[in-house]
Number of protein chains: 2
Amino acid sequence: VSATPDTAAPQPDSAYSPTGRTTLRRHRERARYDRDLVHAILDEALVAHVGFTSEHGPIVLPMVHARLGDDLYFHGARANALLGALKDGVPACATVTIVDGLVLARSAFHHSMNFRCVTIFGVATEVTDPEEVRRASTALVDHLVPGRGDLVRAPDDGEVRRTLFVRMPIDEVSAKVRTGGPVDEEADLALDVWAGHLPLETTAGPPVADVGVSAPWPHASSVDRRRS
Amino acid sequence: VSATPDTAAPQPDSAYSPTGRTTLRRHRERARYDRDLVHAILDEALVAHVGFTSEHGPIVLPMVHARLGDDLYFHGARANALLGALKDGVPACATVTIVDGLVLARSAFHHSMNFRCVTIFGVATEVTDPEEVRRASTALVDHLVPGRGDLVRAPDDGEVRRTLFVRMPIDEVSAKVRTGGPVDEEADLALDVWAGHLPLETTAGPPVADVGVSAPWPHASSVDRRRS
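This one's a predicted model, so the numbers in the text were calculated from it and none came from an experiment. Residue positions are given per chain, counted from 1 along the sequence in the order it is written. Each chain gets a letter, beginning with A, and each ligand a number, beginning with 1, in the order they are written. For a predicted model such as this one, the threshold for reporting local features is a pLDDT of at least 70, and the threshold for listing and counting side-chain atom pairs is 80 or more; totals across whole chains, interfaces and linings nevertheless cover every residue. As a convention, hydrogens and water are excluded, and side-chain values are obtained from all of the structure's heavy atoms.

Trainee: Is there a simple way to think about the overall build of chain A in this case?
Mentor: Looking only at helices and strands, chain A features 4 helices and 11 strands. Its C-alpha atoms give chain A principal-axis dimensions of about 65 × 45 × 40 Å. Buried means the residue's accessible area, taken with a 1.4 Å probe over protein chains only, is under 20% of the maximum for its type, while exposed means over 50%, and partly exposed covers the values in between. With 228 residues in all, chain A has 52% of them scored as buried. Throughout, a residue-residue contact means that at least one pair of heavy atoms, one from each residue, lies within 4.5 Å. Contacts spanning at least 24 positions in sequence make up 69% of the contacts within chain A whose residues lie at least 6 apart. Calculation of accessible area relied on Shrake-Rupley with a 1.4 Å probe; when residues are assessed, cover is drawn exclusively from the protein chains displayed. For chain A, the exposed area adds up to about 9,700 Å²; of that, 52% sits on carbon and sulfur atoms. Of the charged side chains in chain A, 24 are positive and 31 negative; the average position of the first set lies 2 Å away from that of the second. In DSSP terms, a helix is any run of H or I states spanning at least four residues, a strand is any run of E spanning at least two, and both are numbered starting from the N terminus. Working convention for charge: Lys and Arg count positive, Asp and Glu count negative, and His plus the chain ends are omitted. Here the site of a charge means NZ on Lys, CZ on Arg, CG on Asp, or CD on Glu.

Written as structure tokens, this is what we have:
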């Protein structure tokens, strides 16, 4: 809970249009609809958490995603229950969250996190056009390591048949961003306790080559997850 | 998609019991019900993605969580729609995912991620006992930085009144774990492309002190997220 004024932030011209579901009711100053920002968060986040309502209730599962323009792609085995439900057109929600830091206040109450998150509501569609399958497959590899999609063997007909690709439009979408240090109560500022924030980032260790690999590591020496 | 035999892994004695919803249908060799492992993943992950079915469809939102024994706690403002729904007893699903690395195969098809994730199905309950509220509040701060809960000002009566704490039992739960390198097709092993895996971890930058803070940084010099 922050003491920042709860007013909407100004939005740039190239922005998504808020709907009832994507209008933040609280901390409206943290809401963002800027297309470039939404795309950058989606591109940097490694996984999306995708939820839908099954016959046994709500299910939330992590999925690798990739963005091309205003579309988000997921893929997996045809036997995958989540993908099957998406293909069948269930309403879904996909959320990606990047934790940028820990906000350490003087009071327990004002502890928080710095984060960037994007929430998309929508209905997905199976990708059937072979050319779009090819583009999505490359994008999903490029999402792990930029440029890698062109280096590896593309899916053959059998692999394509066994894989389900779905496309979810990035349309009903909002981003939410928190940055900076704690917002403490005036009366707590005199407390003798460290307060501030602790930045976090995802870093890559040295690559571990598979048995029998003699080819050199072909990518940037450290994969910089912060591409935004 | 992995070529590993799709058989269930042996489970230790201190394990949660699988149910219909927590029995993996695919990659059963990745399923884990070991209590210690489930707890360690929950304790290390910074946020949970919590989903429920609202009147407008499924919603998935990131929440800070903390575990005490076999209970998971969430908290936030009483006006928070997700927490309000949880308090009202909607069926929910909470998933935490830690991405441990990128699995870079010789073919696009066999790219994957190394990860540890936990999925909990259940119904939450509002925490009303003041002593349990106090324990949960401390645990939620300790989840960010171990030991910090005792250093900061505890919530006063007004803050407690404005905050909703809910408890979700860790009972119907499964973990899923992937480790190691790619599992490529035999025919692809001769391809002249680097393959292997790239370990990822969350690292903390130098702490950024709030204006006016003269107290020294009181925690371990780098907060090690890998407490498991």
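Trainee: Please clarify how the relation of the copies chain A and chain B should be interpreted in this entry.
Mentor: Turning one copy of the chain about an axis and sliding it along that axis gives the other copy, so a rotation and a shift relate them. With an RMSD of 0.0 Å, the operation that places chain A on chain B is a rotation of 180° combined with a shift of 0.0 Å along the axis. Here the copies are linked by what is in effect a two-fold axis. The C-alpha atom lying nearest the rotation axis in chain A is that of Thr202 of chain A; the distance is 2.2 Å. Counting the interface residues of chain A, we find that 100% of their copies in chain B are interface residues as well, pointing to one common contact surface. For the least-squares superposition of copies, only C-alpha atoms count, and only for residues with pLDDT at least 70 in both.

Trainee: Explain the interface of chain A and chain B to me, please; I cannot follow it from the model alone.
Mentor: Residue-level contacts link 85 residues of chain A with 85 residues of chain B. With both sides pooled, the region where chain A packs onto chain B buries about 7,000 Å², and carbon together with sulfur makes up 66% of that total. As a salt-bridge pair, Asp210 of chain A and Arg106 of chain B come within 2.9 Å of each other at their nearest N and O atoms. Whenever a nitrogen or oxygen atom comes within 3.5 Å of another N or O atom, the pair is scored as a polar contact, on the condition that within protein one atom can donate a hydrogen and the other can accept it, and that pairs from neighbouring residues in sequence are kept only if both atoms are in side chains. One can count 33 residue pairs in polar contact (both at pLDDT 80 or more) joining chain A with chain B. For the side of chain A that touches chain B, the elements supplying multiple residues, two or more each, are strand S2 (47-54), strand S3 (57-68), strand S5 (91-104), strand S6 (112-123), helix H3 (130-144), helix H4 (157-162), strand S10 (196-204) and strand S11 (208-209) of chain A. Taken together, the residues of the side of chain A that touches chain B sort by class into 53 nonpolar, 18 polar and 14 charged. Strand pairing requires that DSSP identify at least two bridges connecting the strands. In the sheet, S10 of chain A pairs with strand S11 (residues 208-209) of chain B via 2 bridges, with the strands oriented antiparallel. Bridge pairing in S11 of chain B links Gly196 of chain A to Ala209 of chain B. Put simply, buried area is how much 1.4 Å-probe accessible surface two parts lose in total, over both of them, once they are put together. Here a salt bridge means any side-chain nitrogen of Lys or Arg lying within 4 Å of a carboxyl oxygen belonging to Asp or Glu. Nonpolar residues are Ala, Val, Leu, Ile, Met, Phe, Trp, Tyr, Cys and Pro. Charged residues are Asp, Glu, Lys and Arg, and all others, Gly as well, are polar.

Trainee: It is not clear to me how the state of the cysteines should be interpreted in this structure. Could you clarify?
Mentor: One way to say it: the disulfide is the covalent bond shared by the sulfur atoms of two cysteines. All names here are of chain B. By disulfide we mean two sulfur atoms from cysteines, separated by a distance within 2.5 Å. Throughout the structure, instances matching the rule amount to 0 disulfides over all chains. With no disulfide of its own, Cys117 lies closest to Cys93 among cysteine sulfurs, the gap being 9.6 Å. Since its relative accessible area comes to 5%, Cys117 is described here as buried.

Trainee: How do you make sense of the side chain of Asn114 of chain A when you look at a structure like this?
Mentor: Here Asn114 of chain A lies in strand S6. When near neighbours in sequence (up to four residues on either side) are disregarded, Asn114 of chain A contacts Ile98, Val99, Asp100, Gly101, Val103, Arg178, Thr179, Gly180 and His197 of chain A.

Trainee: Is there a simple way to think about the confidence of the model for chain A in this case?
Mentor: Regions with low pLDDT carry predicted coordinates that are not meant to be interpreted in detail. pLDDT: the predictor's confidence for each residue, scored from 0 to 100. Counting all residues, the mean pLDDT for chain A is 92, and 92% of those residues have values of 70 or more. Both confidence scores are given for the complex: pTM 0.92, ipTM 0.92.

Trainee: Looking at this model, I keep getting lost on the environment of Leu37 of chain B. Mind explaining?
Mentor: Residues and elements named next belong to chain B. Locating Leu37 in the fold gives a position in helix H1 (residues 35-44). As a C-alpha pair, Leu37 and Arg116 span 79 residues in sequence and 9.5 Å in three-dimensional space. Excluding residues that lie within four positions of it along the chain, Leu37 makes contacts with Arg32, Ala175 and Val177.

Trainee: What exactly am I supposed to notice about the packing of aromatic side chains here?
Mentor: A pair of aromatic rings is counted whenever rings of Phe, Tyr or Trp (Trp by its six-membered ring) have centres within 6.5 Å, and the orientation is called stacked for planes under 30 degrees apart, edge-to-face for over 60 and tilted otherwise. Counting across every chain of the model gives 2 aromatic pairs over all chains. Seen in terms of ring centroids, Trp194 of chain A and Trp217 of chain B are 4.7 Å apart; in terms of plane orientation they differ by 85°. Their pairing is edge-to-face. In this pair, Trp194 of chain A sits in the loop between strand S9 (172-178) and S10 while Trp217 of chain B sits in the segment after S11, so the two residues belong to two different chains. It is Arg35 of chain A that lies over the ring of Tyr16 of chain A; its NZ or CZ is 4.4 Å from the centre. Charge over a ring is defined by NZ of Lys or CZ of Arg lying within 6 Å of the ring centre and within 35 degrees of the ring normal.

Trainee: So what exactly am I meant to see when it comes to the pairing of S3 of chain A here?
Mentor: Working note: regular strand, side chains alternate between the two faces of the sheet. All names here are of chain A. Inspection of the sheet shows S2 paired to S3 by 8 bridges, in the antiparallel sense. Across the sheet, Val50 pairs through a bridge with Leu61, a residue of S3. Remark: 2 residues form the turn of the hairpin made by S2 and S3, two consecutive strands paired antiparallel. Across 4 bridges, S3 lies against strand S4 (residues 71-77) in antiparallel orientation. Within S4, the position partnered with Arg67 by the bridge is Leu72. Connecting S3 to the antiparallel partner S4 that follows it, the hairpin turn spans 2 residues, and Gly69 within it adopts a positive phi of roughly 60°.

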